[in-house]
Amino acid sequence: MEVEHQIAKLLVQLSKSQDDEIGDGTTGVVVLAGSLLEQCENLLDRGIHPIRISDGFERACKVAVDHLNEISDVVEFTKDNTDNLFKTAMTCLGSKIVSKHHEQFAKIAVDAVLSVADFDRKDVNIDELIKVDGKVGGSLADTSLVQGVVVDKDMSHPQMPREVRDAKIAILTCPFEPPKPKTKHKLDITSVEEYKKLQVYEREKFEEMIKRVKDTGANLVICQWGFDDEANHLLMQNKLPAVRWVGGQEIELIAIATNGRIVPRFEDLRPEKLGTAGVVREVSFGTTKDRMLIIEECSNTRAVTIFVRGSNKMIIDEAKRAIHDALCVVRNIVRDNRVVYGGGAAEISCSLAVSKAADQISSIEQHAVRAFSYALDAIPLALAENSGLSPIETLADIKSRQVTENNSRLDMKEKFVYDPLISKRQQFLLATQLVKMILKIDDVITSGTVE
């Protein structure tokens, strides 16, 4: 969608920033930022200077973040007891397109994160160690977690074996072709004898390359580049299965998973640089000719693939986004296992705390701090409206119950509606930073076209 308005562009960038950093809560951060901007307009109309508004929002945000820390609960989990992680992932997936299968997807997300998590450092490298791939066909229920790597390629020759066990993999970024001069060149063939000499030369070079690979003990070649029919035929004759045109990102993931080294030249091939895997097999789908390679039982088990199935590309893309959010939520709990309770409960509790803090401020910033508390109400109001409830009446009732019962979570704990603390905290901080930046803008000058 094309966005022309400058402030709208900033909101889009804010959402992307939240998605890149935390992976969840992108809607909440935009709703909060929009509500804060609405409150800014009211304060500016009352003659309050932008700097005082900015200072008040900063002060209110600190109160809200400190209050989040106070009302947070610790979620206990281990590799053997993942119930709380599972419930957190279920909360994230409940409103998405995969909600019918959200238990299955939540289990996949938890298992994937725990497979690659570094518990000593409390970190999870999702981008490099968890690959999310998809193929049209089947249903969402056919989605699975592969303990290895799935590559959208097949064997380069139809007569090559469809399965290689105890695979020793040569991972190459050099093509199977005769060497070429570095500079521009021209080769003139003037007779049949010269053409035959060239043919023999090329064949010798191909055979030399294949011999270098086989001498290392490799029984499978994965190449970033392609090779012609002659090289392909020689590879098949020498019983050396090969996969060609494998992308750079997939090459890196295969190298990580198999503990192999990416080799840029045939001269650099050594047995110790080969990757290892228990089985590499080619699978086909339905009655189509679509095939993919699955590399399993890898020497480095800290690399997995989530393989998504769906009836069309749109469903697969939406399922991938849902899985990404669930992975990020589980990763956030691994990083910091403190949570606050969702359903708007945390925002309402923070709104009450900020409003109480505003009563103790004697300066003009009191108005900005109280406006921040009003802005926090926007998220529970939106949730109530989306649920078919009366927004204002529901908000007033919940606020009253939180004050009288002195309970910031109400029944959200019993319903297992969790939000990671770092995700909610980041929403408040990013939205406040964006609004403070916009308040510094006096005017926007758009250059026009001169005809």
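This is a predicted model, so every value here is computed, not measured. (Residues numbered from 1 in each chain as written. Predicted model: local features only at pLDDT ≥ 70, side-chain atom pairs only at ≥ 80, totals over all residues. Heavy atoms only, no water.)

Helix and strand content of the protein: 15 helices and 13 strands. In the protein, buried positions account for 45% of the 451 residues. A separation of at least 24 residues holds for 77% of the contacts in the protein among residues at least 6 apart in sequence. Accessible surface, the protein: about 23900 Å² in total, of which carbon and sulfur atoms supply 48%. Of the side-chain charges in the protein, 58 are positive and 69 negative, and the distance between the mean point of each set is 5 Å. (Helix = DSSP H or I, 4+ residues; strand = E, 2+ residues; numbered from the N terminus. Buried < 20%, exposed > 50% of the residue type's maximum accessible area, 1.4 Å probe, protein only. Contact = heavy atoms within 4.5 Å. Areas by Shrake-Rupley, 256 points an atom, 1.4 Å probe, with all protein chains shown as cover. Lys, Arg positive; Asp, Glu negative; His and termini not counted. Charge placed at Lys NZ, Arg CZ, Asp CG, Glu CD.)

Evaluation of the coordinates by the stated rule reveals three aromatic pairs. Seen in terms of ring centroids, Phe 57 and Phe 372 are 5.9 Å apart; in terms of plane orientation they differ by 65°. Their pairing is edge-to-face. Taken together, the residues Phe 57 in helix α3 (residues 50–71) and Phe 372 in helix α12 (residues 365–376) connect sequence positions 315 residues apart. Taking 6.5 Å as the distance between ring centres and 85° as the angle between the ring planes, the aromatic pair formed by Phe 416 and Tyr 418 counts as edge-to-face. Three or more aromatic residues joined by ring pairs form one cluster here, namely Tyr 341, Phe 416 and Tyr 418. Looking at Lys 87, its charged tip hangs above the ring of Phe 416, at a distance of 3.7 Å from the centre. (Phe/Tyr/Trp six-rings, centres within 6.5 Å; stacked < 30°, edge-to-face > 60°. Lys NZ or Arg CZ within 6 Å of the ring centre and 35° of its normal.)

With 45 residues, the main nonpolar core has Leu 172, Phe 176, Val 213 and Ile 295 as its most contacted residues. Here the element with the most residues in this core is strand β5 (residues 163–172); it accounts for six residues. Filtering out sequence-adjacent residues up to four positions away, Leu 172 remains in contact with Val 221, Ile 222, Cys 223, Gln 224, Ile 251, Val 263, Phe 266 and Leu 269. Listed in part, the 41 residues of the second largest apolar core include Ala 89, Met 90, Leu 327 and Val 330. (Core = buried A, V, L, I, M, F, W, Y, C linked by side-chain atoms within 4.5 Å.)

Here we come to helix α8 (residues 229–237). By the burial criterion, the buried members of α8 are Ala 231, Asn 232, Leu 234, Leu 235 and Met 236. Where α8 is buried, its residues contact α7 (192–215) and β7 (242–243). Lys 239 sits one or two positions beyond α8 and adopts a positive phi of about 55°.

This next bit is on the pattern of salt bridges. Following the criterion strictly, the structure yields 30 salt bridges and no others. The partner of Asp 123 in a salt bridge is Arg 335, and the shortest N-O contact between them spans 3.5 Å. Taken as a pair, Asp 123 in the loop between α5 (102–116) and α6 (126–129) and Arg 335 in helix α10 (residues 313–335) lie far apart in primary sequence, 212 residues in all. Given a relative accessible area of 32%, Arg 335 falls into the partly exposed group. Notably, a salt bridge pairs Asp 152 with Lys 135, separated by 3.2 Å at the nearest N-O pair. In this pair, Asp 152 sits in the loop between β4 (148–151) and β5 while Lys 135 sits in strand β2 (residues 130–136), placing the two residues 17 residues apart along the sequence. For Lys 135, a relative accessible area of 13% translates into the label buried. If you follow the salt bridges from partner to partner, you end up with Asp 118, Arg 121, Asp 123 and Arg 335 in one network. (Salt bridge = Lys/Arg side-chain N within 4 Å of Asp/Glu carboxyl O.)

With that settled, the discussion passes to the pairing of strand β12 (residues 338–341). In the sheet, strand β1 (residues 73–74) pairs with β12 via two bridges, with the strands oriented antiparallel. Note that in β12 the partner of Asp 73 across the bridge is Val 339. Two elements, β12 and strand β13 (residues 418–420), share three bridges in a ladder whose sense is antiparallel. If you follow Val 339 over to β13, its bridge partner there is Pro 420. (Pairing = 2+ DSSP bridges.)

Here we come to the packing of α5 against α10. α10 packs onto α5 with a crossing angle of 50° between their chain directions and a minimal axis gap of 9 Å. In terms of orientation, α5 lies oblique with respect to α10. When you trace α5 past α10, the crossing you get is right-handed. Together, Phe 105, Ala 109, Val 110, Ala 112 and Val 113 of α5 and Ala 319, Ile 323, Ala 326, Leu 327, Val 330, Arg 331 and Val 334 of α10 make up the contact between the two elements. Tallied by class, the residues present in the contact of α5 with α10 amount to eleven nonpolar, no polar and one charged. (Axes fitted to C-alpha atoms, helices over the stretch in contact; angles between N-to-C directions. Parallel < 35°, antiparallel > 145°, perpendicular 65-115°, else oblique. Left-handed = near helix turned anticlockwise from the far one by under 90°. Nonpolar A, V, L, I, M, F, W, Y, C, P; charged D, E, K, R; others polar.)

This brings us to the sheet that holds β1. An order of β1-β12-β13 is seen for the three strands of this open sheet, with the pairing classed as antiparallel. Because the sheet does not close on itself, it has two edges, and the strands there are β1 and β13. Against the sheet, helix α15 (residues 421–439) makes contact with β12 and β13, and its axis sits at roughly 70° relative to β13, the strand it touches most.

So, about the sheet that holds strand β11 (residues 304–310). Spatial strand order, β2-β11-β3: three strands in an open sheet with mixed pairing. The sheet is open, and its two edges are formed by β2 and β3 (144–146), each paired on a single side. Neighbour-to-neighbour, the strand axes of the sheet open up by a mean angle of 25°, direction not taken into account. Inspection of the sheet shows β2 paired to β11 by seven bridges, in the parallel sense. Among the inter-strand pairings, Lys 131 is bridged to a residue of β11, identified as Thr 305. Sheet contacts for α5: β2, β3 and β11; angle to β11, the most-contacted strand, approximately 160°. Sheet strands in contact with α10 are β2 and β11, and its direction is about 160° off that of β2.

Along the polypeptide, Thr 82 turns up in the loop between β1 and α4 (83–93). On the accessibility criterion, Thr 82 (18% relative accessible area) is buried. The spacing of Thr 82 and Val 110 is 28 residues in sequence and 7.7 Å in space, taken between C-alpha atoms. Excluding its chain neighbours within four sequence positions, the residues that come into contact with Thr 82 are Val 110 and Leu 114.

A cluster of nonpolar side chains, Leu 187, Ile 189 and Tyr 195, forms an exposed patch at the surface whose accessible area comes to about 320 Å². Position of Tyr 195 among the secondary structure elements: in helix α7. (Patch = residues over 30% accessible without salt bridge, like charges linked within 9 Å, V, L, I, M, F, W, Y side chains within 5 Å.)

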